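Coordinate inspection notes
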Amino acid sequence: MSLNSFVMPCCRQYLRFSLRLLMITVLTICGITYAQDDNPVSVDLEIYVVSEVTGSSGALEERFSEASTARPGQTVEYRLVVQNIDDTTLPAGTVVVTGPIPAETTFLAGSATPSSGRVLTEFSVDTTSFSEPPVLMVGADGQQVVAEPSDYNVVRWTLLEPFEPGAQDTLVYRVTVD
């Protein structure tokens, strides 16, 4: 399924979320895209609406509720729980997970699991070329300009450490509903 075909239907100013989103998550191992049955990696997608509430101490706290709908202005958090379900260790750099930024949402800057010694986090504005920030795009005048995080339409993570059998990692990013 292409990312261009990933469109979340709006109905009466509500954005409906579906577990079908799991199907658009693309996993690439050793440069080969696997069918769901052949893939040595599983991905479970968890979707939450994020709310701020005042806690008992008077401080603001985040609360998470499973998302079936979200209204414009709400923040939605995607958690991609990645697990090696094979009995072999997958080499460093071979597990790549992408998370699309759905139509009618905007990526929240700084919300994605950041690059570290264990994971490389990259972004795209065209679904084909990826880089760590600053991400470049072609501006209105035809010149390359630095894209704003709100221009991103895909987040991609590459696991930089060997992925042992049974190992699990959670990758996160947030969007706001337009």
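Residues numbered from 1 in each chain as written. Predicted model: local features only at pLDDT ≥ 70, side-chain atom pairs only at ≥ 80, totals over all residues. Heavy atoms only, no water.

So, the overall build of the protein
Counting its regular elements, the protein contains one helix and 15 strands. Across the 178 residues that make up the protein, the buried fraction comes to 40%. If you take every contact in the protein between residues at least 6 apart in sequence, the share linking residues at least 24 apart comes to 72%. For the protein, the computed accessible surface area is about 9800 Å², with 50% contributed by carbon and sulfur atoms. (Helix = DSSP H or I, 4+ residues; strand = E, 2+ residues; numbered from the N terminus. Buried < 20%, exposed > 50% of the residue type's maximum accessible area, 1.4 Å probe, protein only. Contact = heavy atoms within 4.5 Å. Areas by Shrake-Rupley, 256 points an atom, 1.4 Å probe, with all protein chains shown as cover.)

Quick notes on the pattern of salt bridges
Opposite charge on two side chains allows them to pair when their charged atoms are near. One pass over the structure, following the stated rule, counts six salt bridges. Here E62 and R174 are joined by a salt bridge, their closest N and O atoms 2.8 Å apart. Note that E62 is positioned in strand 6 (residues 60-66) and R174 in strand 15 (residues 168-177), a separation of 112 residues in sequence. Here E62 falls in the partly exposed class, since its relative accessible area comes to 39%. Its relative accessible area of 15% is what places R174 among the buried residues. As a salt-bridge pair, R174 and E77 come within 2.7 Å of each other at their nearest N and O atoms. With R174 in strand 15 and E77 in strand 8 (residues 75-84), this residue pair connects regions lying 97 residues apart in the sequence. (Salt bridge = Lys/Arg side-chain N within 4 Å of Asp/Glu carboxyl O.)

Considering unusual backbone geometry
For the peptide bond that leads from P133 to P134, omega is 5°, which places it in the cis range. Counting through the fold element by element, P134 comes out in the loop between strand 11 (119-124) and strand 12 (136-138). Unlike most non-glycine residues, E104 shows phi in positive territory, near 65°. Its identity is not glycine, yet T127 carries a phi of approximately 70°, on the positive side. On the secondary structure map, T127 appears in the loop between strand 11 and strand 12.

Description of the sheet that holds strand 10 (residues 105-107)
Strand order across the open sheet formed by five strands is 6-5-8-15-10, with antiparallel pairing between neighbours. Looking at the sheet topology across the chains shown, the edges are occupied by strand 6 and strand 10. Taking the axes of each pair of neighbouring strands and ignoring which way they run, one obtains an average angle of 35° across the sheet. The pairing of strand 8 with strand 15 spans nine bridges and is antiparallel. Along strand 15, the bridge assignment pairs V76 with V175. (Pairing = 2+ DSSP bridges. Axes fitted to C-alpha atoms, helices over the stretch in contact; angles between N-to-C directions.)

Points about the confidence of the model for the protein
Looking at the protein, the pLDDT average stands at 82 and 79% of residues meet or exceed 70. Mean pLDDT values for the elements of the protein range from 31 in strand 1 (residues 10-11) up to 98 in strand 11. With pLDDT under 50 throughout, residues 1-35 is counted as low confidence; its partners more than four residues away or in other chains account for 82 contacts. (pLDDT = per-residue confidence, 0-100.)

Focus: the packing of aromatic side chains
In this structure the tally under the stated criterion is six aromatic pairs. Geometrically, the ring pair formed by F107 and Y152 is tilted, given 5.6 Å between the ring centres and 40° between the ring planes. Here the residue F107 occupies a position in strand 10, and Y152 occupies one in the loop between strand 13 (144-146) and strand 14 (154-159), the gap between them amounting to 45 residues. Side by side, F107 and Y152 carry an identical accessibility label, which is buried. For the pair F123 and Y152, a centre-to-centre distance of 4.6 Å together with 20° between the ring planes defines the contact as stacked. (Phe/Tyr/Trp six-rings, centres within 6.5 Å; stacked < 30°, edge-to-face > 60°.)

Remarks on the pairing of strand 14
For strand 14, the tally of buried residues reaches five of six residues, placing the bulk of the element in the interior. Relative to strand 14, strand 9 (residues 95-100) is paired through five bridges, and the arrangement is antiparallel. Considered in strand 14, the bridge of V97 is made with W157.

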